[in-house]
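Structural features, examined
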Amino acid sequence: MALYVFTFITLLLLSIAEVLYDKKKIVLIGGGLLAILAGLRYYSGYDFVSYYYFFYDLTGLSDVFNGSIDAEPGYLFLNYLFLKLGLNYYAFILFFAFLSMGLMVNYLYKNNPYPSLVLFYYFSRFFLARDMGQIRGSLASIILLYSVKYIKSKEFAKFMAVVLIASLFHVTALIFILGYIYENHLYNGKWSQGGIL
């Protein structure tokens, strides 16, 4: 528990420093801290044991695509690569944490004036459930952030490419297609009290 409180306070202080000194690169410290926290965990998180067995249940490349393991092919393929390289599950978890946090920090840095503040909120609201447990859903959600600009610019092919990449890690990413349809075909520019109906 002390480790999570320490992380919370550190991210809060980094957020304050970012605002006071107007230094966006501070987010790299917070992102690195979160990647290390998620990457070095041991038997913690909702799906840790399930993912552990997914990793060692892979017997060949065919297991990535044949549906014998209940996970998406992008996630399983990364597992397979680590197995073929002779690396263990813990090395994979560390890599996956740095991949997720790296993509998150990159997106926040490019799209937000105060990325450390958003990362602080992310830790407070999502990190413990997502990056410490539901890692496939977390990575898919982070990848989907990169599709938002294509919704706004109405570039359907690029939007779909990002959504399809995200769905390689969690199939629920496909629901984001409804966001494109709503924003570009159903929404009339005004929010009504009745919602869509």
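Above this note sits the structure.
The text that follows walks through the structure, step by step, so that each part is easy to find. (Residues numbered from 1 in each chain as written. Predicted model: local features only at pLDDT ≥ 70, side-chain atom pairs only at ≥ 80, totals over all residues. Heavy atoms only, no water.)

This brings us to the overall build of the protein. Looking only at helices and strands, the protein has eleven helices and zero strands in total. The order of helices and strands in the protein, counted from the N terminus, is α-α-α-α-α-α-α-α-α-α-α. Its C-alpha atoms give the protein principal-axis dimensions of about 55 × 40 × 25 Å. The burial tally for the protein puts 40% of its 197 residues in the buried class. Relative to all contacts within the protein whose residues are 6 or more apart in sequence, the contacts with residues 24 or more apart total 64%. Surface summary for the protein: the accessible area is close to 11300 Å², and the carbon and sulfur share equals 67%. The protein carries 14 positive and 10 negative side-chain charges, and their two centres are separated by 10 Å. (Helix = DSSP H or I, 4+ residues; strand = E, 2+ residues; numbered from the N terminus. Buried < 20%, exposed > 50% of the residue type's maximum accessible area, 1.4 Å probe, protein only. Contact = heavy atoms within 4.5 Å. Areas by Shrake-Rupley, 256 points an atom, 1.4 Å probe, with all protein chains shown as cover. Lys, Arg positive; Asp, Glu negative; His and termini not counted. Charge placed at Lys NZ, Arg CZ, Asp CG, Glu CD.)

Scanning the model with the defined rule gives two salt bridges in all. Where Glu72 meets Arg136, a salt bridge forms, and the shortest distance between an N and an O atom there is 2.2 Å. Of this pair, Glu72 sits in the loop between α4 (62-65) and α5 (73-84) while Arg136 sits in helix α8 (residues 135-145), and the two are 64 residues apart along the sequence. An identical accessibility class is assigned to Glu72 and Arg136; each is buried. When the shortest N-O distance is used, the salt bridge between Lys158 and Glu155 registers 3.0 Å. Judged by relative accessible area, which is 29%, Glu155 ranks as partly exposed. (Salt bridge = Lys/Arg side-chain N within 4 Å of Asp/Glu carboxyl O.)

For any two helices packed against each other, one specifies the crossing angle of their axes together with the interaxial distance. Helix α6 (residues 89-111) packs onto helix α2 (residues 27-39) with a crossing angle of 155° between their chain directions and a minimal axis gap of 8 Å. Considering their axes alone, α2 and α6 lie roughly antiparallel with respect to each other. Taken as a pair, α2 and α6 cross one another with a handedness that is right-handed. On α6, the residues touching Val27, Leu28, Gly31, Gly32, Leu34, Ala35, Ile36, Ala38 and Gly39 of α2 are Tyr90, Ile93, Leu94, Ala97, Phe98, Met101, Val105 and Tyr109. In terms of residue class, the contact of α2 with α6 is built from 14 nonpolar, three polar and no charged. (Axes fitted to C-alpha atoms, helices over the stretch in contact; angles between N-to-C directions. Parallel < 35°, antiparallel > 145°, perpendicular 65-115°, else oblique. Left-handed = near helix turned anticlockwise from the far one by under 90°. Nonpolar A, V, L, I, M, F, W, Y, C, P; charged D, E, K, R; others polar.)

A complete count under the given rule lists one cavity of 30 Å³ or more for this structure. Taken as a whole, the largest cavity spans an internal volume of roughly 50 Å³. Forming the boundary of the largest cavity are Ala38, Arg41, Ile93, Phe96, Ala97, Ser100, Asp131 and Ile135. Of all the elements, α6 adds the most residues to the lining of the largest cavity, at four residues. Classifying every residue of the lining of the largest cavity by side-chain character gives five nonpolar, one polar and two charged. (1 Å grid on protein atoms, 1.4 Å probe; cavity = no way out; pocket = protein on both sides within 12 Å on 5 of 7 lines; lining within 4 Å. Points joined across faces, edges and corners; volume = space filled by probe spheres on them.)

Function cannot be read off these values alone, since they describe shape.
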